[in-house]
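# Secondary and tertiary structure notes
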Amino acid sequence: MIDPIILFFLLGGVAGLLRSELRLPAAVYEFVSIVLLLSIGLKGGVELAKQPFSILLPHMVAVVAMGFLLTLIAFPVLRYLGRFKRADAASIAAHYGSVSVGTFAVAIAYLSSRQIAFEDHMPLLLVMLEIPAILVGIVLARGLSRETHWRSVAHEVFLGKGIVLLLGGLLIGWAVGPNGLKPIEPLFFDLFKGFLALFLLEMGLITAKQVGSLRRYGPFLVAFGIGMPLFSALVGTGVGLALGLSIGGTTILATLAASASYIAVPAAMRISVPEANPTLSLAAALGITFPFNVLLGIPIYHALAVWAHAFARG
Amino acid sequence: MIDPIILFFLLGGVAGLLRSELRLPAAVYEFVSIVLLLSIGLKGGVELAKQPFSILLPHMVAVVAMGFLLTLIAFPVLRYLGRFKRADAASIAAHYGSVSVGTFAVAIAYLSSRQIAFEDHMPLLLVMLEIPAILVGIVLARGLSRETHWRSVAHEVFLGKGIVLLLGGLLIGWAVGPNGLKPIEPLFFDLFKGFLALFLLEMGLITAKQVGSLRRYGPFLVAFGIGMPLFSALVGTGVGLALGLSIGGTTILATLAASASYIAVPAAMRISVPEANPTLSLAAALGITFPFNVLLGIPIYHALAVWAHAFARG
Amino acid sequence: MIDPIILFFLLGGVAGLLRSELRLPAAVYEFVSIVLLLSIGLKGGVELAKQPFSILLPHMVAVVAMGFLLTLIAFPVLRYLGRFKRADAASIAAHYGSVSVGTFAVAIAYLSSRQIAFEDHMPLLLVMLEIPAILVGIVLARGLSRETHWRSVAHEVFLGKGIVLLLGGLLIGWAVGPNGLKPIEPLFFDLFKGFLALFLLEMGLITAKQVGSLRRYGPFLVAFGIGMPLFSALVGTGVGLALGLSIGGTTILATLAASASYIAVPAAMRISVPEANPTLSLAAALGITFPFNVLLGIPIYHALAVWAHAFARG
Amino acid sequence: MHSHTRTLLTVVTEAVLEGTLARDLDRLNAHGYTITDARGRGSRGVRDAGWEASGNIRIEVVCDKATADAIAAHLQEHYYDDYAMILFMSDVAVLRREKF
Amino acid sequence: MHSHTRTLLTVVTEAVLEGTLARDLDRLNAHGYTITDARGRGSRGVRDAGWEASGNIRIEVVCDKATADAIAAHLQEHYYDDYAMILFMSDVAVLRREKF
Amino acid sequence: MHSHTRTLLTVVTEAVLEGTLARDLDRLNAHGYTITDARGRGSRGVRDAGWEASGNIRIEVVCDKATADAIAAHLQEHYYDDYAMILFMSDVAVLRREKF
Ligand SMILES: Nc1ncnc2c1ncn2[C@@H]1O[C@H](COP(=O)(O)O)[C@@H](O)[C@H]1O
Ligand SMILES: Nc1ncnc2c1ncn2[C@@H]1O[C@H](COP(=O)(O)O)[C@@H](O)[C@H]1O
Ligand SMILES: Nc1ncnc2c1ncn2[C@@H]1O[C@H](COP(=O)(O)O)[C@@H](O)[C@H]1O
Ligand code: NA
Ligand code: NA
Ligand code: NA
C-alpha cells in the first residue's frame, strides 16, 4: 500500500508541472519544517538517554568518516567525469556528502508504517552527518587557504536553523525523557505525519521548478543524481552492517548516505563558496535525488538492508 | 445548543465592526484554508472508493446542470431587476452559481455535531459545482467571442488553489483508503473543527469590512444576497430529492446551491471579466450571503430537507 | 523534573545569544499566540458558567485595585530611586502593573503538570488585570490633561488583539460549555503545551536580544526587574489569601502580579506616551522579568503560596 | 507619452503607527498610499520585525509637492522625536495626474 | 564610478495580476523585475492584504526610457480602467548598463 | 521646508546575504538601512521566495554620494559576479541631514 505522504509529494509535483497557482506561503513552509526538525530531534533525544555514550561514540565517528568519504568520492567524479568547474564540483559533492532531513523523515515514516524497528539514535547520526561534507566541500573548493573565514563558516554551519533545532530537540528530549514529553506530544508527535504531508506537498512544488534547470544542464547531472545515491546507499549499508545496526537502522543509514542536502548545505555554500552555481546543485539534489529517494530509493535501500542482513547472517 | 464555530464567526464580525486591530496574518489564513480544503477532499475521497462510478456519474451530471441553471437564473434578475451592468450581473451570477467551501464546511460541522448522516461523495459534488458557473459567467459577460482566451480561463479555473487541493485530497483519499489515512488523521481530521473556528474568525473580520460597500450599493444587493440563496436552496432540495439523497445529503446539496463563492470565482472573474466591479460581488457573497447561510440558512435548509423528505415519502 | 517548555525557552535564549540565524516568522509567532490566547480564554470561559457572578465580582474588583496599586507603587521607585524621566517611569510602571499572558500560560502549565488545582476564573482575572495599569500609566505620564484622547486610548486598550481574543474566548467558552467545546479541543486544548513550547522558543530568541539594551541601562533596571516581581508576588499572595483562593489560585494570582506585560502595554504606551523610550521597558520586562519569572519566579511563588496557606490556616 | 511631475514621499517608521498615519494621510489630502512591511537599522537601533513591537513599515505617498511638504512637516512635528522614523522625497513622473 | 541613467518604473496593483504582468513584462523586453507584497489605499478604496482578493503587489522595473514608456502604455491600455493600479517613473543611475 | 540632497541606494539581492550585507553596511558607514522581502526575475532567472534558498531582499540606504559610491563599489567587487544582485541610485531630499 502506498504511503499517503508520497502522494502529497506527487500532488505537489503535478501541480507544479502544470503551473498551478498553488503555493504554500513561506511562513507556513518554515512553520512546518521547524516542527518537523524539533519532532525528529525530540524523538531521538528521548531514546538517547537509554544508550551509553560508549556505544554512541563509535557510531558517531563512523558516520562522520562516511560523510568525509562520500564527499571525497563525489568530487572527482563531478570534476573529471562531469567536467564541472572546481567550485561547482566541490559544492555538488558537499550536497551529496551531507543529508536531507526531509528524506530522513520519509524513511522514518516508511519504516514505522511497516512496523519495522530501528535504532533510536538515528537523529543523532543525522546531525553528525550533516556537517562534515560542508567542511570538505569548502576545502575542496578553496584549498586550505588562510583566507577562508573558518570562524564564520563554523558559525554558519553549527548555528544554522536545522542544526540548532535538531540538536536542541535532541537535548530537550534527552533531558526530560518520554514522560516529560507527554504534554507536547500532540503537537510534535501526533501531527508529525500530517505536517510531513504538507512539507512534501511543498517539496513537490519546489521540485517541479527544477525541471527547467535540469533540461539545461543535461544528462550527466541526471545520471549523477541517481547513480550517486545508489552508490552511497551501498556504502551506508556496509557501514550499517559493520556497526551492527538492525535492518531498520541499516535502511535509515543507507537513506541518509543516499540523500542530498537542500537546506543546510546550499546556505553554507552560498556564503562560503559563492562562485559555485547554486542552480546546479539544487537541480540535482531537489530535481532528481529527492524524488528518486522518496519514490524509489527508500524501498530499494530497505530491500538492500534485508538482503545484506540475510547475507551477513549467512 | 449553538455551535462554537459560529460564535467564532460572530467574534470576528463584532471585532471587525468595532475596528479592533485583530487580524490573522495572510499566511495563517492560507495555512488554515489549505488544511481545510485538503481535509474535505481527503474525507470525501476515502468514501468515494466504496461507490461505483455508475452511481456517481448521474449525481455529477445533475449537479453540473444545477450550476449552469442557477447562474442563468441569477443573471437576468441582476441585469433587469437590479439594473446592474452586463459584466457586473454576469460576475455576481457566477458567484452565486458556484459554491463556498467555507459554507460547506460549516454545514458538515452542523450535521456531524447533530449526528446526521450524509452521502460521502458530497465533496466531489462540491468540486463539480465550483466550475460551471465560472464558464457561464464569462460567456454571459462576453458572449461566445473568439477573444476569450479559453485556454487561460481553463488554466485559471482548473488549476486554482481550491480545485487542486480539493481534487488532490479526493484522489489521495480514494487511493489510500481509510486505513492509509490513519497517520495523517490527527492533522487533517482531528483539528478540522478547530481550524474551521479560526477560519470563521477571519471570515467574520472580512465580512465586517464589507459593510461599507453594502451601504453604498443599497438594498437590492441585500435582498438578492438573501433571496437568491433561499431560492437556490429550494432548487438544491429538489435536486437532492430527485437524486434520492438522504436528509443530510439533501441539506448539504441545498447549502451548496445556496452558497456563493468568494475564492475561486472572484479570482477567475478578476482575470476573465476584469470590467466587473469585484466590490459588488464580494459585498453580496461575503457581506450578506455567507453570514446568512452560516447563521440562519443551514438550519433552514435542514428543516426544508426534513420536510421535503416527509412530504416525498407521503 | 524540569518542564520541557522551559527548556524550549532556554534553547531560544541560547540560540539568540549565540546569534543563531534561527527565527520564527512573524506570522508563525502570531498564529501561535492567537491560539494560546483563545485557548486560555476558552478554558476559563467553560468554568465561568459554574460560578455565580456574586462570587466573581469581588475578585474582579480586588484584582483591578491591585493593578492600580502596583502601578502606583512602581512609579515613584522608578522616578526617584531610578531617576528615570517621568514618561519612562510611568511607562515602565504600567508594564509592571499589568500582566504577561505568556507567564500566565507557563504558570498554568507548571501547576497542571503537578496536578495542583486552581480556580477556573483565573483567565478572567488575567483580563481584568491587563487594563488598569495602562490607564494609570497614561495619567502618571500626562496628568489628567484634556489633551489625552481617551476615546482612542480606550479603543487601543479594549480592542487590542490580546483582550479581544481572551474575552472572546471567555465568552465563547462560557456560552457553549465543556461539551460544546469538545470538537475544537484538539486544536485549542491538546496542542496547548506544544504551542506554548514554540512560543517560548521565540520568547527566548527575543529575550536574548534585550541583553544589549540591558548592558546599556545598567544595574538599576536589572534590580528592578527582579525586585519588583518579588514584591508584587507578595502583594498578589496577600490578595489571594484575602479572597480565599486555593494554593493553586494564589500561586497564579501572585504570578500575575509579578509578571510584566510585553504585548498590550508596549503597544498602548507607544501610542499614548510616545516620549517614553520603549527599549527601557522591554529590556526590563522581557530581558529580566520574563525569564526570571519563568525560570525561578513561579516555583518561588508556589512555595510562597504553600507557606502562606499553612501560616493562615494555623 | 504625456507625463506630469509629482513628489514621491517615502516614510520608514514603526509598524505600531500604521493606523494613526493612515488617518493622518487621509486628513492631509493624500489621495492614496502604499505600505510594505520592512525591517532595518537606524539611530534607534535594529528593528528586525521578529515580533509585534519591532517591525517597521515603509509608506509611499505620491502627491503634489505642497501635500508632500505638509505631510513631512506634520510627521516631523508629531512623530520624529518619539518614534523611529525617516522620510525622504523625490520627483517622479506620473501619467494621470488626476489620480494624485 | 561610471554610471548610466535608466528609468525606474514602479507599479502598484492588485496581487491577482502578478502572473499576467510577469508574462507581459517578459514580452515587453524588461530584463528583470522585483516584486514586493503591499497594501494601500487609492481611488478604489482600501486594499489591506487581509486575504487573497485584497492584496496589492509593488513591481519595480529598471529599464531604458523607451521600454518603460512601452510598459506604461501597455499597462494603461489594458489594466488601468479595470484594476486598482498606479504607476510612476523616475531616473536612476545604474552601474552595469548591460544588465538593464 | 529646508531640505538636503542625499543619495538613495537600492540593492536587490539574494536573501542569504542579509546578515553579511548588514555587517558590510555598518562598516562602510551607512547610518541605517531598510530591508523588505522581495521576489523577482533577472539575469539569474526567477527568484520566487517560495522557500529559503530562493528569496530576494530589497535593501535601501540613504546616505551621502560618497558613501553610496563606496558601498556600490564594495558590492560590485565582492558580490556582483557570484550573486543575483542589482543596484541603482537616485537623489532624494531629506529633512534632517544629520540622520544620514
Ligand atoms: N540611512 C538610512 N537609510 C535607509 N533606511 C534608514 C536609514 N536610517 C534609518 N532607516 C530606517 O528607518 C528606521 C527608523 O530609523 P531611526 O529613527 O533612525 O531609528 C530604521 O529602522 C530603518 O528601517
Ligand atoms: N497617491 C498614491 N500614493 C501611493 N500609492 C498609491 C496612491 N494611490 C494609489 N496607490 C496605491 O495603488 C493602489 C491602487 O490604487 P487605485 O487604483 O487608486 O485604487 C492602492 O491600493 C495603493 O496601494
Ligand atoms: N531590470 C530589473 N528591474 C528590476 N529588478 C531587477 C531587474 N533585474 C534584476 N532585478 C532583481 O534583481 C534580482 C537579481 O537580479 P539578477 O542578478 O539579474 O538575477 C532579480 O531576482 C530581481 O529581483
Ligand atoms: Na548523503
Ligand atoms: Na451556489
Ligand atoms: Na504585574
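Criteria and thresholds
Residues numbered from 1 in each chain as written. Chains lettered and ligands numbered in written order. Predicted model: local features only at pLDDT ≥ 70, side-chain atom pairs only at ≥ 80, totals over all residues. Heavy atoms only, no water. Helix = DSSP H or I, 4+ residues; strand = E, 2+ residues; numbered from the N terminus. Rg over C-alpha atoms; globule rule 2.2 N^0.38 Å. Buried < 20%, exposed > 50% of the residue type's maximum accessible area, 1.4 Å probe, protein only. Areas by Shrake-Rupley, 256 points an atom, 1.4 Å probe, with all protein chains shown as cover. Lys, Arg positive; Asp, Glu negative; His and termini not counted. Charge placed at Lys NZ, Arg CZ, Asp CG, Glu CD. Contact = heavy atoms within 4.5 Å. Buried area = accessible area lost by both parts, 1.4 Å probe. Salt bridge = Lys/Arg side-chain N within 4 Å of Asp/Glu carboxyl O. Polar contact = N/O pair within 3.5 Å; in protein donor to acceptor, adjacent residues only side chain to side chain. Nonpolar A, V, L, I, M, F, W, Y, C, P; charged D, E, K, R; others polar. Donors = N, O, S within 2.8 Å, 3.2 Å for Na, K, Ca; no water. Least-squares fit on C-alpha atoms with pLDDT ≥ 70 in both. Core = buried A, V, L, I, M, F, W, Y, C linked by side-chain atoms within 4.5 Å. Near = heavy atom within 4 Å. Pairing = 2+ DSSP bridges.

Chain D appears in an unreviewed UniProt entry as Transcriptional regulator from Cryobacterium psychrophilum.

For chain A, an unreviewed UniProt entry supplies the name Sodium-dependent bicarbonate transport family permease and the organism Cryobacterium psychrophilum.

### Remarks on the overall build of chain D
Along chain D, the regular secondary structure elements total 2 helices and 5 strands. Starting at the N terminus, the α and β elements of chain D follow one another as β-α-β-β-β-α-β. Taken over the C-alpha trace, chain D has a radius of gyration of 14 Å; the compact-globule value for 100 residues is 13 Å, and the two agree within 12%. Referenced to the eigenvectors of the C-alpha coordinate spread, the extents of chain D come out at roughly 45 × 25 × 20 Å. The 100 residues of chain D split such that 63% are buried. Working note: accessible area of chain D is about 3900 Å², and carbon and sulfur atoms make up 47% of it. When the 12 basic and 15 acidic side-chain charges of chain D are each reduced to a single mean position, those positions are 5 Å apart.

### What about the arrangement of the chains?
Kept free of each other, chain B and chain D leave a smallest C-alpha distance of 9 Å between them. Between chain B and chain F there is no contact; the minimum C-alpha to C-alpha separation amounts to 12 Å.

### Quick look at the interface of chain A and chain C
Counting residues at the interface gives 26 residues for chain A and 27 residues for chain C. The junction of chain A with chain C conceals about 2100 Å² of combined surface from both sides, 84% of it contributed by carbon and sulfur atoms. When the buried surface of chain A facing chain C is broken down by residue, A:Phe31, A:Leu159 and A:Ile172 rank first, second and third, together holding 23% of it. Remark: the boundary between chain A and chain C carries 0 salt bridges. On inspection of chain A and its partner chain C, the count reaches 5 residue pairs in polar contact (both at pLDDT 80 or more). Considering every element that reaches the side of chain A that touches chain C, the biggest residue donor is helix H9 (residues 161-181) of chain A, with 9 residues. For the side of chain A that touches chain C, the per-class residue count stands at 19 nonpolar, 4 polar and 3 charged.

### A closer look at the environment of A:Ala242
All names here are of chain A. Mapped onto the elements of the fold, alanine 242 is located in helix H12 (residues 211-242). Overall, the relative accessible area of 70% leaves alanine 242 in the exposed class. Between the C-alpha atom of alanine 242 and that of valine 176, which follows or precedes it by 66 residues, the distance is 32 Å.

### Brief notes about the coordination of the sodium ion (ligand 5)
Residue and element names in this part refer to chain B. Bound to the sodium ion (ligand 5) on the protein side are Tyr96 (O), Ser98 (O), Leu256 (O), Ala257 (O) and Ser259 (O), at distances that span 2.3 to 3.1 Å. All donors of the sodium ion (ligand 5) come from a single chain, and their spacing in sequence reads Y-x1-S-x157-L-A-x1-S. With serine 98 in the loop between helix H4 (86-97) and helix H5 (101-113) and leucine 256 in helix H13 (residues 247-258), this pair connects stretches of sequence that are 158 residues apart. Here serine 98 falls in the buried class, since its relative accessible area comes to 0%. Since its relative accessible area comes to 1%, leucine 256 is described here as buried.

### Quick word on the relation of the copies chain A and chain B
By a simple turn and slide, chain A fits onto chain B: the slide is 0.0 Å along the axis, the RMSD is 0.0 Å, and the turn is 120°. One copy is carried onto the other by what is essentially a three-fold rotation axis. When each C-alpha of chain A is compared by its distance to the rotation axis, A:Ala27 comes out closest, at 3.7 Å.

### Description of the nonpolar core
Here is a general trend for soluble globular proteins: nonpolar side chains tend to be buried in one another's company. Among the nonpolar cores identified, the biggest contains 348 residues, and A:Phe195, B:Phe188, B:Phe195 and C:Phe195 are the most heavily contacted of them. Ignoring sequence-local partners within four residues, the contact set of C:Phe195 consists of A:Phe31, A:Leu187, C:Phe31, C:Val32, C:Val35, C:Leu36 and C:Leu187.

### Re the coordination of the sodium ion (ligand 4)
Residue and element names in this part refer to chain A. Surrounding the sodium ion (ligand 4) are the protein donor atoms Tyr96 (O), Ser98 (O), Leu256 (O), Ala257 (O) and Ser259 (O), at 2.4 to 3.1 Å. The sequence motif formed by the donor residues of the sodium ion (ligand 4) is Y-x1-S-x157-L-A-x1-S. Separated by 159 residues along the polypeptide, serine 98 in the loop between helix H4 (86-97) and helix H5 (101-113) and alanine 257 in helix H13 (residues 247-258) bring together distant segments of the chain.

### Considering the relation of the copies chain A and chain C
With an RMSD of 0.0 Å, the fit of chain A onto chain C corresponds to turning through 120° and sliding 0.0 Å along the axis. A share of only 12% of interface residues in chain A that are also interface residues in chain C marks the association as one of differing surfaces.

### Things to note about the site of ligand 3
Taken together, 20 residues lie around ligand 3, and E:Thr34, F:Ser43, F:Arg44, F:Asn56 and F:Met85 are the ones closest in. Flanking ligand 3 are residues from chains E and F. E:Gly32 places a polar main-chain atom, nitrogen or oxygen, 3.4 Å from a nitrogen atom of ligand 3. Between a nitrogen atom of ligand 3 and a main-chain N or O atom of E:Val62, the distance comes to 2.9 Å. When residues of the shell around ligand 3 are traced back to their parent elements, those giving at least two are strand S2 (33-42) and strand S4 (56-63) of chain E together with strand S2 (33-42) and strand S5 (85-94) of chain F.

### Comments concerning the pairing of strand S5 (residues 85-94) of chain D
For S5(D), a buried count of 8 out of 10 residues is recorded, marking the element as mostly surrounded by other parts of the structure. Pairing geometry for strand S1 (residues 4-14) of chain D and S5(D), over 10 bridges, is antiparallel. Bridge pairing in S5(D) links D:His4 to D:Val94. Two elements, S5(D) and strand S5 (residues 85-94) of chain E, share 2 bridges in a ladder whose sense is antiparallel. Paired with D:Val94 across the bridge in S5(E) is E:Phe88.

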